[in-house]
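In case you want the letters, here they are:
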Amino acid sequence: MSEPRSFATSRTLWQRANQVMPAGVSSQFRRFHKPVPLYFTRGFGSRVVDADANEYVDYTLGWGPMILGHSHPALVKAVCEQMALCQTFGAQHALEPKVAERITSLCPGSERVVFQTTGTEAVQMALRLARAHTKRPLIIRFEGHYHGWLDSVLAKPNPHGPKGQPLPTSEGQAPGALADCLCLPWNDLAVVEQALHEHRGQVAAVITEALAANGGGVWPGKGYLAGLRSLCDKAGALLIFDEVITGFRVALGGAAQLFGVRPDLAVYGKALASGFALSAVGGSAHVLDLVAEGRTFQAGTLNGQPVALAAAACTLNELCRDNGAALVRIEHLGERLQLGLRSVFAEADVPLQTSGHGSVFWTFIAPAPLGSPAALSRHDGTLYARFAERLLNEGVLVMQTGRWYVSAAHSESDIDATVHAARRVLCSMRADGLTLGASAH
């Protein structure tokens with residue numbers, strides 16, 4: 001086991017931030033990192049460096065966006081060239097149709113595209129379009145899926161309320177904001193069919209992560225997505241894929257291509273612009289043209305911002321190069337990493353589960369797979385979080401909740417070094433008296 005690293009500068013910065021920022025962070029998800037929320041100074045390729053000059057192989061990738069890795073030369077060049085021309089116009093520019101054309105050529109079902117800045121905004125736009133098109137109020141979503149932090153979608157199941165009626169997740173959500181939302185178990189077509197029947201003529205859309213990238217990496221059951229497509233068609237509701245994580249990551253055409261199911265609307269973000277703030281809604285022309293007709297309102301000062309669009313054009317060019325070779329390689333590396341991790345955990349007699357895709361997957365210390373996205377909230381990840389914290393001393397940065405991202409900048413040597421680091425950590429944990437196998441069962 002390596003000598004403990006110092007995080008003194010990060011700790012000092014975090015204490016300073018706590019005086020002027022709630023919890024000292026800009027997103028609530030970041031506040032729980034142990035031993036302290038880290039502060040970073042630079043990133044290059046598959047690596048990041050923190051404020052104490054500690055270097056790590058990075059599997060967080062900015063919570064997913066850095067599909068090309070950090071400071072990819074082509075991306076830096078494209079962005080710098082655009083920055084020298086203009087930062088934003090608040091008007092049209094040639095990169096907008098260029099990127100929109102690339103998205104429509106790649107993503108099944110995307111005949112038109114509108115741009116926003118964040119995934120949360122794009123989800124709201126998709127829901128508004130669905131309600132405008134169908135003239136219906138209700139949205140069906142699923143337990144354990146995440147669609148952003150705004151009041152109308154930040155929901156959790158209500159075990160004691162009416163069937164499907166969710167509870168708000170945060171204090172301060174507007175009363176009644178979830179009145180037009182149903183929250184159902186995922187991977188159960190019968191439940192969705194029953195809800196559509198009970199609320200016939202009222203459901204505007206069913207929104208789902210096609211692969212539960214936020215919910216433990218759980219895959220859709222065989223025929224499930226096609227079943228949702230059929231049920232929506234029968235009920236006159238739209239099918240929306242939240243591809244904020246999976247878009248341009250699990251395949252060039254996202255999860256819609258991976259699973260061969262065409263949604264009416266799809267929401268993209270994260271990997272679209274390799275770390276620049278950009279999101280998009282793609283979908284059927286007859287739905288998106290509600291914007292052109294002025295019937296559905298869409299606005300945003302930084303929508304289609306030129307620097308972000310330059311980043312997106314470069315990112316999609318790099319991912320499409322050589323018939324998508326980068327994504328094939330990323331998937332291979334991710335599968336190699338999962339196999340290596342399962343192997344070293346098995347050597348230590350610790351039950352490790354992995355689930356998801358090669359490019360984005362989850363790991364759990366548990367005797368059996370989670371089985372559903374909803375099970376993630378009931379899983380005790382304390383032991384895994386300790387493992388992830390100790391990986392920091394070995395120069396490996398991962399999310400302490402269990403999600404891993406792999407980029408085009410990672411190498412086979414990065415993967416092998418990470419597996420060896422995991423072996424050293426498990427040995428040290430056992431040497432320190434942590435009963436890994438017993439704790440996991």
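In case you missed it, the structure is sitting above this.
Cut-off values and rules
Residues numbered from 1 in each chain as written. Predicted model: local features only at pLDDT ≥ 70, side-chain atom pairs only at ≥ 80, totals over all residues. Heavy atoms only, no water. Helix = DSSP H or I, 4+ residues; strand = E, 2+ residues; numbered from the N terminus. Rg over C-alpha atoms; globule rule 2.2 N^0.38 Å. Buried < 20%, exposed > 50% of the residue type's maximum accessible area, 1.4 Å probe, protein only. Contact = heavy atoms within 4.5 Å. Areas by Shrake-Rupley, 256 points an atom, 1.4 Å probe, with all protein chains shown as cover. Lys, Arg positive; Asp, Glu negative; His and termini not counted. Charge placed at Lys NZ, Arg CZ, Asp CG, Glu CD. Axes fitted to C-alpha atoms, helices over the stretch in contact; angles between N-to-C directions. Parallel < 35°, antiparallel > 145°, perpendicular 65-115°, else oblique. Nonpolar A, V, L, I, M, F, W, Y, C, P; charged D, E, K, R; others polar. Salt bridge = Lys/Arg side-chain N within 4 Å of Asp/Glu carboxyl O. Expected span 1.5 Å × (residues − 1). Arc of directions from axis to C-beta.

A. Geometry of the overall build of the protein. The number of helices and strands found in the protein is 12 helices and 16 strands. What you see for the protein is a C-alpha radius of gyration of 22 Å, in line with the 22 Å of a compact globule of 441 residues. Dimensions of the protein along its principal axes, counting C-alpha atoms only, are 65 × 55 × 50 Å. Every one of the 441 residues in the protein was classed for burial, and the buried ones make up 54%. Counted over contacts in the protein with a minimum sequence separation of 6, partners at least 24 positions apart contribute 71%. Taken as a whole, the protein presents about 19000 Å² of accessible surface, with 54% of it coming from carbon and sulfur. On the protein, the mean spot of the 38 positive side-chain charges and the mean spot of the 37 negative ones are 2 Å from each other.

B. Quick look at the packing of helix α5 (residues 189-198) against helix α6 (residues 224-235). For the pair α5 and α6, the least separation of the axes is 10 Å and the interaxial angle reads 10°. By the angle between their axes, α5 is roughly parallel relative to α6. Along the contact surface, α5 presents Leu189, Val192, Glu193 and Leu196, while α6 presents Tyr224, Gly227, Leu228, Leu231 and Ala235. The class makeup of the residues in the contact of α5 with α6 is seven nonpolar, one polar and one charged.

C. Fine view of the pattern of salt bridges. Counted under the stated rule, the structure contains 14 salt bridges. Here Glu55 makes a salt bridge to Arg47, at a shortest N to O gap of 3.2 Å. Classification of Glu55 by relative accessible area gives partly exposed; the value is 36%. With relative accessibility at 26%, the residue Arg47 sits in the partly exposed group. Across the pair Arg47 and Asp414 runs a salt bridge whose closest N-O atoms are separated by 3.0 Å. Taken together, the residues span a long stretch of sequence, with Arg47 in strand β2 (residues 47-50) and Asp414 in helix α11 (residues 412-431) at a distance of 367 residues.

D. Expanded view of helix α2 (residues 73-85). Its 13 residues give α2 an end-to-end C-alpha distance of 19 Å, which sits within 8% of 18 Å, the value for a rise of 1.5 Å per residue. Buried within α2 we find Leu75, Ala78, Val79 and Gln82. Buried positions in α2, seen along its axis, are confined to an arc of 90° and lie on one side of it. Facing away from the buried side of α2 by over 90 degrees, the exposed positions are Pro73, Lys77 and Ala84. Each element contacted by the buried residues of α2 is listed here: α3 (95-106) and α9 (306-347).

E. Highlighting helix α10 (residues 382-391). Here α10 has its buried residues at Leu383, Tyr384, Phe387, Ala388 and Leu391. In a view along the axis of α10, the buried residues occupy a sector of 140°, so they form one face of it.

Note that every value here comes from positions in space, so none of it alone points to a role or purpose.
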